[in-house]
Amino acid sequence: MKILGIESSCDETAAAVVENGREVLSNVIATSLEEHKLYGGVVPEIASRRHAESISGVVEEALKQAGCTMNDIDAVAVTYAPGLIGSLLVGVSFAKGLSQATNTPLVPVHHLRGHIASNYISCDIEPPFLCLVVSGGHSHIVAVKSYTDFEVIGKTRDDAAGEALDKAGRTMGLEYPGGISIDKLSPSGDENAFSFPHPRIHDAPYDYSFSGLKTAVINIMHNASQKGEDINVADLSASFQKAVVDCLLSNFETAAENFGYNKLVIAGGVSANSKLRNDARKMCDRHGWTLTLPELKYCGDNAAMIASQGYYEFVSGTIANESLNAYATMPLDNIKY
Ligand code: KG4
Ligand code: ZN
């Protein structure tokens, strides 16, 4: 069964064809990232306009590279939540039009379920497993009970890990997205040069809070500039990255122990982070747990992961009609469409 996936929740316009949920036949991505760099973050209006300009060409190219026409496609899977509403609407409207014009079933896909599915196209892992989903907008610990049954065990109370990395990076004067810049710069710094608090939430051992850590970096930079002191940005970057990764992994480890999981998976843009990948590997080796990580090319937003999850949603009976809407927020364990 061949699924055409469409993703436009942030600044990537993406389309892909995936066979039987696992075999990627094509994966095309256009991004407006370079324009957003000028502003230090994604400008929603610019992202929406670029999606509208690129989407037809990107979908056409994905079909062409897969050697398909719409006659070969069994369903169109589209990210409909969560994300930037203007961006999502471009993908959803295009997918609805395509589905109607070609009489092909339309399958709504939750973006974070898609990130989890990036592991299905990278490895042969199957549920149940425990997944740490870390992106620019979300930091969740999720029990993946089956391909379509999820339970959120913990989540951030304020900023997502990626958002904290991006804002810390911006304060340190690094190029957007800060997460990538911090990952690149950190190996040349001393990760023990600055010490950061390890925020814990009383009675919620699996929840996260990253806004205090982010504010601590902002304060360090502001205090130094007021006193005219120089900060070693590589040291600060390495120390901040260590604080974020330690927080992410310590709650993830506690959740795996308490819920009895020995198959651990990481997903989302921040899963590309080298320290997170290395430290997670060490943690799992220590416990004798298996660790699955997406290939680097599937960590960030892409449509192959949407087509993969779309396949599992479709075979479980999830089909939308022309009234499908886009939603800026939506829990991943209790979806509506
Ligand atoms: O999943 P994603 O591509 O988009 C969202 O759904 O949000 O995640 C984007 C986030 C950004 O915050 C970006 O800084 C972060 O992923 N990111 C990284 C790395 N690559 C991307 N963070 C740390 N290290 C990286 N190598
Ligand atoms: Zn994402």
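Everything numeric in this text was worked out from a predicted model, so none of it was measured. (Residues numbered from 1 in each chain as written. Chains lettered and ligands numbered in written order. Predicted model: local features only at pLDDT ≥ 70, side-chain atom pairs only at ≥ 80, totals over all residues. Heavy atoms only, no water.)

### Here's the deal with the domain arrangement of the chain
Accessible area lost during the coming together of the parts is what is often quoted as the interface size. The line we're drawing: For the domain bounds, the source is a domain assignment made automatically or taken from a database. Throughout, a residue-residue contact means that at least one pair of heavy atoms, one from each residue, lies within 4.5 Å. Buried area, as used here, totals the accessible surface that two parts lose on assembly, with accessibility defined by a 1.4 Å probe and the loss added over both. One speaks of a salt bridge when a side-chain nitrogen belonging to Lys or Arg is within 4 Å of a carboxyl oxygen belonging to Asp or Glu.
Domain assignment breaks the chain into domain 1 (2-117 + 298-315) and domain 2 (129-293). Each of domain 1 and domain 2 has a C-alpha centre, and the two are 27 Å apart. In this assembly, 17 residues from domain 1 lie in contact with 21 residues from domain 2. Between domain 1 and domain 2 the total buried area reaches about 1500 Å² when both faces are included, carbon and sulfur atoms providing 72% of it. Looking at the side of domain 1 facing domain 2, the largest losses of area belong to Leu112, Ile116 and Cys299, adding up to 38% of the total buried there. Between the two partners, domain 1 and domain 2, sit one salt bridge. With a closest N to O distance of 3.4 Å, Lys37 and Glu175 form a salt bridge.

### Remarks on the pattern of salt bridges
The following threshold applies: Starting at the N terminus, helices and strands are each numbered in turn, a helix being any DSSP run of H or I of at least four residues and a strand any DSSP run of E of at least two. The buried label goes to any residue with under 20% of its type's maximum accessible area, the exposed label to any with over 50%, and the partly exposed label to all in between, with areas taken from a 1.4 Å probe on protein chains only.
Enumeration according to the criterion identifies 17 salt bridges in this entry. Between Lys37 and Glu34 there is a salt bridge whose closest N-O contact spans 3.0 Å. With Lys37 and Glu34 both in helix H1 (residues 33-37), this residue pair falls three residues apart, about one helical turn. Its relative accessible area of 24% is what places Lys37 among the partly exposed residues. Two residues, Glu53 and Arg50, come together in a salt bridge whose shortest N-O distance is 3.1 Å.

### Considerations on the coordination of the zinc ion (ligand 2)
In plain terms, the rule: Any N, O or S atom lying within 2.8 Å of the metal counts as a donor, and for Na, K and Ca the limit rises to 3.2 Å; water is left out, so some sites can look incomplete.
Within the protein, the zinc ion (ligand 2) binds to His111 (NE2), His115 (NE2) and Asp301 (OD); these donor distances fall in the range 2.0 to 2.1 Å. Sequence spacing among the residues donating to the zinc ion (ligand 2) works out to H-x3-H-x185-D. Here His111 is found in helix H4 (residues 111-122), whereas its partner Asp301 is found in the loop between strand S10 (290-292) and helix H10 (304-315), with 190 residues between them in sequence. Across the pair, exposure class does not vary: His111 and Asp301 are buried alike.

### Topic: the pairing of strand S9 (residues 263-267)
Using the following cut-off: Two strands form a pair only when DSSP identifies at least two bridges running between them.
Within S9, four of the five residues are buried, which leaves it mostly tucked inside the rest of the structure. Inspection of the sheet shows strand S6 (residues 129-134) paired to S9 by four bridges, in the parallel sense. Across the sheet, Cys131 pairs through a bridge with Val265, a residue of S9. Strand direction decides the pairing type here: S9 and S10, joined by three bridges, are parallel.

### Side note on the nonpolar core
Spelled out, the test is: Among buried residues, the Ala, Val, Leu, Ile, Met, Phe, Trp, Tyr and Cys ones that are joined through side-chain atoms within 4.5 Å form a nonpolar core.
Membership of the largest hydrophobic core comes to 42 residues, with the highest contact counts inside it found for Phe240 and Phe252. When contributions to this core are tallied by element, the ones reaching two or more residues are S6, strand S7 (139-146), helix H5 (161-171), helix H7 (211-227), helix H8 (233-259), S9 and helix H9 (274-287). If you tally residues by element for this core, the top one is H8, at 11 residues. Residues in contact with Phe252, not counting those within four places in the same chain, are Leu130, Cys131, Leu132, Ile141, Tyr208, Leu264, Val265, Ile266 and Met283. By size, the runner-up hydrophobic cluster in this structure holds 32 residues, among which are Ala75, Val265, Ile306 and Tyr311.

### A word on the side chain of Gln241
Operational definition: Distance and chemistry together define a polar contact, namely a pair of N or O atoms within 3.5 Å, with one atom able to donate a hydrogen and the other to accept it when in protein, and with adjacent residues in sequence counting only for side-chain atoms on both sides.
Tracing the backbone through its elements, the reader meets Gln241 in helix H8. The class of Gln241 is buried, set by a relative accessible area of 5%. Side-chain polar atoms of Gln241 contact the side chain of Asn273, separated by 2.9 Å. With sequence-adjacent residues up to four places away left out, Gln241 is seen in contact with Ile182, Asp183, Ser186, Asn273 and Lys275.

### What to know about the sheet that holds strand S8 (residues 149-155)
Strand pairing in a sheet takes place through backbone hydrogen bonds and is either antiparallel or parallel in direction. Applicable threshold: Here, axes are lines fitted to C-alpha atoms. For helices the fit covers the stretch in contact, and angles between N-to-C directions go from 0 to 180 degrees.
Pairing is mixed in the open sheet, where five strands are placed in the order S8-S7-S6-S9-S10. Of all the strands in the sheet, the pair left with one neighbour each is S8 and S10. Within the sheet, the average angular offset between the axes of one strand and its neighbour, ignoring direction, is 25°. Of the strands in this sheet, S6, S7, S8 and S9 are in contact with H8, which crosses S6 at around 160°.

### Some details on the packing of aromatic side chains
Here the distance between the centres and the angle between the planes together describe a pair of aromatic rings. Heads up, the condition is: Pairing of aromatic rings covers Phe, Tyr and Trp, the last counted by its six-membered ring, and requires centre-to-centre distances within 6.5 Å; plane angles under 30 degrees mean stacked, over 60 mean edge-to-face, and any other angle means tilted.
Enumeration over the complete set of coordinates arrives at nine aromatic pairs. Between the aromatic rings of Tyr311 and Tyr312, the centroid separation amounts to 5.0 Å while the plane-to-plane angle is 80°, which identifies the pairing as edge-to-face. As far as burial versus exposure is concerned, Tyr311 and Tyr312 are alike and both buried. An aromatic cluster is defined as three or more aromatic residues linked by ring pairs; in this entry it consists of Tyr120, Phe129, Tyr147, Tyr311 and Tyr312.

### Focus on the site of ligand 1
Cut-off, in case you're wondering: Residues are counted as near a molecule or strand when any one of their heavy atoms sits within 4 Å of it. To measure how exposed things are, a 1.4 Å probe is used in the Shrake-Rupley method; for residues, cover is taken only from the protein chains shown. All amino acids are sorted into three groups, where Ala, Val, Leu, Ile, Met, Phe, Trp, Tyr, Cys and Pro are nonpolar, Asp, Glu, Lys and Arg are charged, and the leftover types, Gly among them, are polar.
Neighbouring ligand 1 are 18 residues; His115, Gly136, Asp166, Asp183 and Gly269 lie closest to it. Measuring from an oxygen atom of ligand 1, one finds a side-chain N or O atom of Asp166 at 2.6 Å. In this structure, Asn273 approaches ligand 1 through a side-chain N or O atom, which is 3.1 Å from a nitrogen atom. Look at ligand 1: alone it shows 550 Å² of surface, and the protein chains cover 86% of it. Elements supplying a minimum of two residues to the shell around ligand 1: H4, H5 and helix H6 (178-185). Each residue belonging to the shell around ligand 1 can be placed in one class, and the counts come to five nonpolar, 10 polar and three charged. Per-domain counts for the shell around ligand 1 show at least three residues from each of domain 1 (2-117 + 298-315) and domain 2 (129-293).

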